[in-house]
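Residue-level listing of the chains:
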Protein chains: 2
Amino acid sequence: MQRVNRDRHLFGPGPSNAYPEATAALGLPLLGHLDPDFLTIMDQTCAMLREVWGTTNTRTLPISATGSAGMEAAFVNVVHPGDVVVVAVNGLFGQRMCDVASRCGAEVVAVEHDWGQPVDVERVVAAHPAPAVIAAVHAETSTGVVSDIAALGVAKGDALLLVDAVTSLGGIEVSADEWGVDIGYAGTQKCLGVAPGLAPFTINERAFGRRVEKPQSWYLDLGLLGGYVGGASGPGRTYHHTAPVAMVASLHAGLRRILDEGLEQVFARHEEAGRILQDGLEELGLELFAAKGHRLPELTTVKVPDDVDSAAVRRYLLERHGLEIGGGAGAYAATVWRIGLMGHNARPDAALLVLACLEDALAHVRG
Amino acid sequence: MQRVNRDRHLFGPGPSNAYPEATAALGLPLLGHLDPDFLTIMDQTCAMLREVWGTTNTRTLPISATGSAGMEAAFVNVVHPGDVVVVAVNGLFGQRMCDVASRCGAEVVAVEHDWGQPVDVERVVAAHPAPAVIAAVHAETSTGVVSDIAALGVAKGDALLLVDAVTSLGGIEVSADEWGVDIGYAGTQKCLGVAPGLAPFTINERAFGRRVEKPQSWYLDLGLLGGYVGGASGPGRTYHHTAPVAMVASLHAGLRRILDEGLEQVFARHEEAGRILQDGLEELGLELFAAKGHRLPELTTVKVPDDVDSAAVRRYLLERHGLEIGGGAGAYAATVWRIGLMGHNARPDAALLVLACLEDALAHVRG
C-alpha cells in the first residue's frame, strides 16, 4: 500500500502540473470555512476570477466540485422543464451538454458538427427561432478546437448564452461581458494551473433573473450559493456547505500567480508554447487534427501515424520519460493524441521536451 | 492581497485540523487521473473506505465534492418521483434531507424530534406503512447527538435505509453492513482528518438494484460513476469526470494513517478526548446540550451561559488563542456552542487546551 511518488510531466488534456504557488498553498494551515481569514481568501478569489473571466458579474465563484459539476450547475439553474436548448456539438463536451440539459427536462436541439471543426454560428442560430438557451464549448478539450464565442454573443437574440470555458480560462482570452456570455463555467486543472476539484463559475444578472426558482440540485442552487460566497446577498454569510478550503486557497494562489504575471503575458506564453509544439510536430512529419486557423495553442491534437500503435507510444512516454499525453476522445480514442501545454506547462522548454520525447518514442515503437 | 498564514486550532464542527500525513499528501507530485499510479491510489482508497464503512459494497467511493453533495448523490440515485421518503429530523441535516428529497420529487414524511434528542426509531417506522426510503442522520452535526442506526436497520422493513455519517465516519463505530445501511455518505473534514472536498459514499446491491436509471444529476449518476472508479463494472475505466487527484491522494494518506493506528484505537481516542472535554465543561459549571447517554464524543454541544455573549467568546478565542469553536445551528445559533475534537484533534491535550482557553475566555468576557 506504499505510494511511490513518481514525478510526472502532465502534458495530456488535464490535469496539468500546477503552478508551484498553487501546490504550496495546499500545505498551508487549514482555516475554518467561516474564519474571517478564509472569507477574505474567498472574496479575493472571486474578485480574481472576475478578472480572468473578463466580467463584473457579482455571482462569480468557485463551485465546490470539478468542471463537469460546473456544467451541471450552469444547466440546472437556468433550464426550466420544456425549455428549448440549442447545443452546438463539435466534440465530446458538446455531447455531454445535451445529456445534462435533457436531465433538466430541456427540449434539446443538437447542432452537430464534424469533430475538429469550430462551431458554425449561422447554423447554430438558425436551428431554432426562439431557444431559451444557446450552449457552446469555447475550447473543445476533445478536439483542440477554439470557437468564436463573441460571434455567438452577437447572434444569440433573446437566448441566454451558456459557455464551457474549461480549457480556455487562464490560457487564452475569455471576455465574458464583452462577448455576451450569460453563464460560464471552467475547471481549475487546465490553464489555471491548479489541481482539479473546483469549477470557476459566472452568471450575469440577465441569466440570474431567469433562473429556476428551486433547481433540482440543492448543492448547485445558485440562489443558496449567493449567500455562501457573500457579496451577492449583501453583508453576512449564510451556511450552505463546508467550503473545500484547501482547494480554494490553492486556487487563490494560482490566480494570484497568473495576475501577477499579467493575463496578456500568460496568453502570450500559451500562444508561443503551442506554436513551437505545433510547428515541431509538423516538422516530425505528423499531421495535426484540428482545423487550421481554429487550433488551440494550449491543447494540440495530432493524428497517430498509421504505422504506430497509439497506446504503445503513450505507455513508452509514461514509463520511460514520466511524460503523459492523452489519447483521443470518442471515436478518435486510438487515432488521435492530445497534448496539453497548459498553465505552468505553457513554456518553450516543455514544448521542446514533448517533441524530443515523442521523437524518441516513435523511433522506439517503429523499432 | 497577501495571505497571512495564521495557524488555527480547528475545534469547531469541521473542518478539523488534518492528519499531518493527509496534509503532506496534498503536496506530492500531481498524477494524471488515468495514470496507472493514480488508479492504484483510487483502488486502495476505495478499499480503505470499505474498512471504515464496515462494508463489502463494491460501490464504495469518494464522490468528487463535499459531504453535502454526498447527501444529494444518495437521494438522486434512489428516489423516484412520487416515492415516499420518511426522514427522521432531529437537527439541521435531517431538515436538509427533506429539502434534497423533495427536489427529487419525493413525497417527504418528516418525523420531527426536539433538537438535542436522538431519533425515536418506533415513531420513524410508524410514520408510514411502506416508505421507499427511510433516512436518518447517524451523528447530528447540529446538535452533537448520536442515533441508533442499527435499530433502524432492524425495523426498516422493505425500505432502503439511507444514512448520513458525515460526523461519525472515522470517529465512532460505523458498521454499514451489520446495521443494514443501504446507502451512506460522509465527509472528509471531520473525523477522517482530511481537508473538506470529498464525500465518501457507499451503496449496496439492494439499493443499486432499485436505483433511478437516469438520475436528474449527471455528475452524481452512480451508474456512470461505477466505471469511473473501476471494479464495479469490471476491468477498464471509463472517463466520467477528472478526478480531484490531489484530494484523493490526501484522503488515501488520511485513511492509511487511521488504519495503521487501528480503528478500535482511533475510536477509543475520540471517546477519551470527548469524555475529558465533557467532564471538564461540567466542572466549569457549563451545561451540555445533547441528551445524556446520546452524546457524541467527537462533537460536544454546550449551552452558552445566560450572562455571556456567545459571539464575544468565540471572537476572543479566535483572536487571542487562534482557537475556533462553532456557534449553534438554526434556532440555537447564539445559545449553543459546538466543540469538535475530531480526527487528528481527538487527543487529551486538545481537550485540555479547549478547556483552558474557554475558561480564560469566560473570565475575560465576564470582566
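Please read all numbers here as calculations on a predicted model, not as lab measurements. (Residues numbered from 1 in each chain as written. Chains lettered and ligands numbered in written order. Predicted model: local features only at pLDDT ≥ 70, side-chain atom pairs only at ≥ 80, totals over all residues.)

### Here's the deal with the overall build of chain A
- Each helix and strand counted, chain A has 13 helices and 14 strands in total.
- Here the C-alpha atoms of chain A give a radius of gyration of 20 Å, agreeing with the 21 Å that 2.2 N^0.38 yields for 367 residues.
- Principal-axis analysis of the C-alpha atoms gives chain A an extent of 65 × 55 × 40 Å.
- Each of the 367 residues in chain A was classed as buried or not, and the buried ones make up 61%. (Helix = DSSP H or I, 4+ residues; strand = E, 2+ residues; numbered from the N terminus. Rg over C-alpha atoms; globule rule 2.2 N^0.38 Å. Buried ≥ 20, exposed ≤ 12 C-beta atoms within 10 Å, placed from the backbone.)

### Some thoughts on the environment of leucine 192 of chain B
Residue and element names in this part refer to chain B.
- Take leucine 192: it is sitting in the loop between strand E9 (183–185) and strand E10 (199–203).
- Judged by the 30 C-beta atoms lying within 10 Å of it, leucine 192 is buried.
- Spatially, the C-alpha atom of leucine 192 lies 8.1 Å from that of alanine 18, the residues being 174 residues apart in sequence.

### A look at the sheet that holds strand E2 (residues 59–63) of chain A
Residue and element names in this part refer to chain A.
- Spatially, seven strands are ordered E2-E10-E9-E8-E5-E3-E4 in an open sheet, and the strand pairing comes out mixed. On the outer flanks of this sheet lie E2 and strand E4 (107–112), each paired with one strand and no other. Across the sheet, the mean angle separating the axes of adjacent strands is 15° when strand polarity is ignored.
- The pairing of strand E5 (residues 133–137) with strand E8 (residues 160–164) spans five bridges and is parallel. When the sheet's bridge partners are listed, valine 133 is paired in E8 with leucine 160. (Pairing = 2+ DSSP bridges. Axes fitted to C-alpha atoms, helices over the stretch in contact; angles between N-to-C directions.)

### Observations concerning the interface of chain B and chain A
- At the interface, 55 residues of chain B touch 55 residues of chain A.
- Those elements that provide at least two residues to the side of chain B that touches chain A are helix H1 (20–26), helix H2 (36–53), helix H3 (67–78), helix H4 (92–103) and helix H10 (245–261) of chain B. (Contact = placed C-beta atoms within 7 Å.)

### A word on the pairing of E5 of chain A
Residue and element names in this part refer to chain A.
- Counting buried residues in E5 gives five out of five residues, a clear majority hidden from the surface.
- Because side chains alternate across E5, one face comprises the buried residues Val133, Ala135 and Val137, and the other comprises Ile134 and Ala136, equally buried.
- Here strand E3 (residues 84–89) runs beside E5; their pairing, made up of three bridges, is parallel. Bridge pairing links valine 87 to alanine 135 in E5.

### Things to note about the sheet that holds strand E13 (residues 326–327) of chain B
All names here are of chain B.
- The three strands lie next to each other as E11-E14-E13, forming an open sheet whose pairing is antiparallel. With partners counted over all chains shown, the strands left at the sheet margins are strand E11 (299–303) and E13, one partner each.
- Of the pairings in the sheet, the one linking E13 to strand E14 (residues 336–340) comprises two bridges and is antiparallel in character. Residue pairing in the sheet places glycine 326 in a bridge with arginine 338 of E14.

### Concerning the relation of the copies chain B and chain A
- Here chain B sits on chain A after a turn of 180° about the axis and a move of 0.0 Å along it, with an RMSD of 0.0 Å. Each copy turns onto its partner about a two-fold axis. When each C-alpha of chain B is compared by its distance to the rotation axis, alanine 65 of chain B comes out closest, at 2.3 Å.
- A symmetric contact is evident, with 100% of the interface residues of chain B recurring at the interface of chain A. (Least-squares fit on C-alpha atoms with pLDDT ≥ 70 in both.)

### Quick notes on the domain arrangement of chain A
All names here are of chain A.
- If you check the domain split of chain A, you get domain 1 (9–15 + 263–365) and domain 2 (20–260).
- Between domain 1 and domain 2, the C-alpha centre-to-centre distance is 26 Å.
- Listed by partner, the interface residues are 26 residues for domain 1 and 27 residues for domain 2.
- Mapped by element, the contributors of at least two residues to the side of domain 1 that touches domain 2 are helix H11 (263–283) and strand E11 (299–303).
- Considering every element that reaches the side of domain 1 that touches domain 2, the biggest residue donor is H11, with four residues.
- Across the side of domain 1 that touches domain 2, the residue classes break down as 15 nonpolar, eight polar and three charged. (Domains from an automatic or database assignment. Nonpolar A, V, L, I, M, F, W, Y, C, P; charged D, E, K, R; others polar.)

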